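Chain by chain, the residues:
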Amino acid sequence: MINSAPSVTFRTQGQGAPAPAAPVSWHPVLLRPDDPDDRARLGSLRDSGAVRETHDRIGEQLAELVRCLHPGGFPDGRALDDAVAGVLAGADPRRYGTWVWYPWSGRLVRVLPEPEFRRVRTDRNRGKITGAEQLRLLDRRIGVVGLSVGNSAALTCAMEGVGGSFRLADFDAVGLSNLNRLRAGVHHIGVAKTVLCARQMYETDPFLDIELWPQGLTEDNVGAFVGEGAGALDLVVEECDTPWVKTAVREHARARRVPVLMDANDRGLLDVERFDLEPDRPLFHGRGGGLTAAQVRALDPAAARAYLLDVCDEANLSPAMTAALGRIGTTLSSWPQLASGVALGGALVTDAARRVLLGRPLASGRYYVDLDECVGRPTEGVCA
């Protein structure tokens, strides 16, 4: 039997008695061919009929590794073979690397061992992120709350190697209307957003450490999500729509001196709260009126919506968003969001997270990368 990967349990909804819980896989299984027990598990897996695709391009990955290690002169031909042999250091090529089993897709993939994999996968970061900085970033833990806009932030962080450990929180599942901004397909409809995001991240880097919070954040678990001591987050990315959750996660982050980033997905707004440097800083830069999460939770729907507009700075919303506000619930079903804005938000959050986690200057405040102000003004050449 193959060691089972972590799973999340969901129940289908419908009439009558509840259906049996069905585990949903989201974590890959790592198998080392140089380990006898893992070799036996690998053999059992191949004999099981569960493997739909096998990808073994370890030779090409080794050649890439050699070229990363020798950027001044790329070995070729016999020199490349000798360099690859040097990397293997006498190891049996058939037992080198790590086999990654992705149970949700039926794919079995062989990749380089973790240090070499990370070296090659982030090689094109060099010149902008040093090797030492990359290792520091991979030692950090990031929490992401809300996985529509947050999906882009989490995936971009994973691709750039900003964070090696993640906590993902969202209670919702993918719907058809999410596909205008989520990197997902029609076959993902009904999949939990936490599961979708974790799978996407693991398919980029199977060595990540990811925890799922598929129930979302509640009064009972928000403190544990932020964590404390050795288990505390190093950074929170908050991208949810629920006003009291937005407030509660900041209360706990401030108490533990954890910085918070938010992309508002309108006018390229990036919000930075450096509670790590300013533990007494008012939440939302004072725009929340000093209300606690408990007080926000008690607000009626109209007051909660007004509170959300206050903390998101209604006066600085784009003309399109301002015009949409009065139509939500009549001609619009919810807040308008575009894939381009979500992608921009993922880039802004990742860039800011890298700066914060590396100790580079980034002050608390609100920053705008408003494409309506930038695009179409080539003579100015400045995005304010």
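Source: prediction; values computed, not measured.

Engineer: Even after reading the chapter, I still don't get the overall build of the protein, so can you show me in this structure?
Structural biologist: If you tally the helices and strands in the protein, you get 14 helices and 13 strands. Taking the principal axes of its C-alpha atoms as reference, the protein extends roughly 70 × 65 × 45 Å. Here the protein, with 384 residues, has 47% of them falling under the buried criterion. Sequence-distant contacts in the protein: of pairs separated by 6 or more residues, those separated by 24 or more amount to 66%.

Engineer: Would you mind going over the pattern of salt bridges with me for this structure?
Structural biologist: Pairing between side chains becomes possible if they bear opposite charge and their charged atoms approach one another. In this structure the tally under the stated criterion is 26 salt bridges. In this structure, Asp 123 engages Arg 119 in a salt bridge whose closest nitrogen and oxygen atoms are separated by 2.6 Å. As a salt-bridge pair, Arg 250 and Glu 273 come within 2.6 Å of each other at their nearest N and O atoms. Of this pair, Arg 250 sits in helix H9 (residues 243-255) while Glu 273 sits in strand S12 (residues 269-273), placing them 23 residues apart in sequence.

Engineer: How do you make sense of the environment of Asp 276 when you look at a structure like this?
Structural biologist: With respect to the secondary-structure elements, Asp 276 resides in the loop between S12 and helix H10 (293-297). Along the primary structure Asp 276 and Asp 370 are separated by 94 residues, whereas in three dimensions their C-alpha atoms are 27 Å apart. If near-sequence neighbours (up to four positions away) are discounted, Asp 276 is found in contact with Arg 257, Val 258, Pro 259 and Val 356. Only 2.7 Å separates the side chain of Asp 276 from the side chain of Arg 274, close enough to count as a polar contact.

Engineer: Got a minute to help me understand the pairing of S12 in this structure?
Structural biologist: Side-chain direction in a regular strand flips from residue to residue, so the side chains alternate between the two faces of the sheet. Here S12 lies mainly inside the structure; five of its five residues are buried. Here S12 shows a buried face lined by Leu 269, Asp 271 and Glu 273 and a second buried face lined by Leu 270 and Val 272. Bridge count for strand S11 (residues 260-263) against S12 is four bridges, and the pairing is antiparallel. By the bridge assignment for S12, Leu 261 is matched with Val 272. Linkage of S11 to S12, two consecutive antiparallel strands, is achieved through a turn of five residues, within which Asn 265 is found at a positive phi near 60°. Of the strand pairs in this sheet, S12 and strand S13 (residues 365-368) are connected by four bridges, and their pairing is antiparallel.

Engineer: Whenever I open this one, the packing of helix H6 (residues 149-160) against helix H13 (residues 339-357) confuses me. Can you help?
Structural biologist: When two helices pack together, their arrangement is given by the angle between their axes and by how far apart the axes lie. At a minimum axis distance of 8 Å, the contact between H6 and H13 shows a crossing angle of 50°. Considering the angle they form, H6 stands oblique to H13. Of the two possible hands of crossing, H6 and H13 adopt the one that is right-handed. Here H6 contributes Val 149, Ser 152, Ala 153, Thr 156, Cys 157 and Glu 160 to the contact with H13, which in turn contributes Val 342, Ala 343, Gly 346, Ala 347, Val 349, Thr 350 and Arg 354. In terms of residue class, the contact of H6 with H13 is built from seven nonpolar, four polar and two charged.

Engineer: Honestly, the sheet that holds strand S4 (residues 53-56) in this entry has me stumped. Any pointers?
Structural biologist: Neighbouring strands of a sheet are bound in pairs by backbone hydrogen bonds; such pairs are parallel or else antiparallel. The four strands lie next to each other as S3-S5-S6-S4, forming an open sheet whose pairing is mixed. For this open sheet the edge positions go to strand S3 (29-31) and S4, each flanked by a neighbour on one side alone. When strand polarity is set aside, the average angle formed by the axes of neighbouring strands in this sheet is 20°.

Engineer: Where do I start with the packing of aromatic side chains in this structure?
Structural biologist: The description of two aromatic rings rests on the distance between their centres and on the angle between their planes. In this structure the tally under the stated criterion is five aromatic pairs. Between Trp 213 and Phe 225, the ring centres sit 5.3 Å apart and the planes meet at 85°, which makes this aromatic pair edge-to-face. Residue Trp 213 is located in strand S9 (residues 209-213), and its partner Phe 225 is located in helix H8 (residues 222-226); the two are separated by 12 residues in the primary sequence. Across the pair, Phe 225 and Trp 213 agree in class, each one buried. In this structure, Arg 267 is placed above the aromatic ring of Tyr 368, and the distance from its NZ or CZ to the ring centre is 4.5 Å. Across the ring face of Trp 244, the terminal group of Arg 297 is positioned such that the distance to the ring centre comes to 4.4 Å.

Engineer: When you look at the nonpolar core in this model, what are you seeing that I'm missing?
Structural biologist: For soluble globular proteins, nonpolar side chains are generally found buried alongside one another. Within the largest apolar cluster, 60 residues are counted, with the highest numbers of intra-cluster contacts made by Leu 112, Ile 142, Phe 166, Leu 168, Met 201, Ile 210 and Leu 235. Aside from chain neighbours lying at most four places away, what touches Ile 142 is Cys 157, Val 162, Gly 163, Ser 165, Phe 166, Arg 167, Leu 233, Leu 235, Val 237 and Leu 357. If you look at the next biggest cluster of nonpolar residues, it comprises 25 residues, including Trp 213, Phe 225, Val 236 and Phe 275.

About the thresholds
Throughout, a residue's number is its position along its own chain's written sequence, starting from 1. Only residues with pLDDT of at least 70 get local features here, since the model is predicted, and only at 80 or more are side-chain atom pairs given and counted; chain-wide, interface and lining totals rely on the full set of residues. In computing side-chain properties, one takes all heavy atoms of the structure into account and sets aside hydrogens as well as water. The helix count covers DSSP runs of H or I at least four residues long, the strand count covers runs of E at least two residues long, and both are numbered beginning at the N terminus. Buried means the residue's accessible area, taken with a 1.4 Å probe over protein chains only, is under 20% of the maximum for its type, while exposed means over 50%, and partly exposed covers the values in between. The contact rule is simple, with two residues in contact once any of their heavy atoms fall within 4.5 Å. One speaks of a salt bridge when a side-chain nitrogen belonging to Lys or Arg is within 4 Å of a carboxyl oxygen belonging to Asp or Glu. Here a polar contact is taken to be a pair of N or O atoms separated by no more than 3.5 Å, where protein atoms must pair a possible hydrogen donor with a possible acceptor and residues adjacent in sequence count only if both atoms sit in side chains. DSSP calls a pair of strands paired once it identifies at least 2 bridges connecting them. Think of each axis as a best-fit line through the C-alpha atoms, taken over the contacting stretch in the case of a helix, with angles from 0 to 180 degrees between the N-to-C directions. Angles below 35 degrees are treated as roughly parallel, those above 145 as roughly antiparallel, those between 65 and 115 as roughly perpendicular, and all remaining angles as oblique. Less than a right angle of anticlockwise turn of the near helix away from the far helix marks a crossing as left-handed, whereas a clockwise turn marks it as right-handed. Gly is placed with the polar residues, together with every amino acid not listed as nonpolar (Ala, Val, Leu, Ile, Met, Phe, Trp, Tyr, Cys and Pro) or charged (Asp, Glu, Lys and Arg). Ring pairs are drawn from Phe, Tyr and Trp, using the six-membered ring of Trp, whenever the two centres fall within 6.5 Å, and their geometry is named by plane angle: stacked under 30 degrees, edge-to-face over 60, tilted for the rest. Geometrically, a charge over a ring is one whose NZ (Lys) or CZ (Arg) sits within 6 Å of the ring centre while staying within 35 degrees of the ring normal. As used here, the term nonpolar core means buried Ala, Val, Leu, Ile, Met, Phe, Trp, Tyr and Cys residues forming a set that is joined through side-chain atoms within 4.5 Å.

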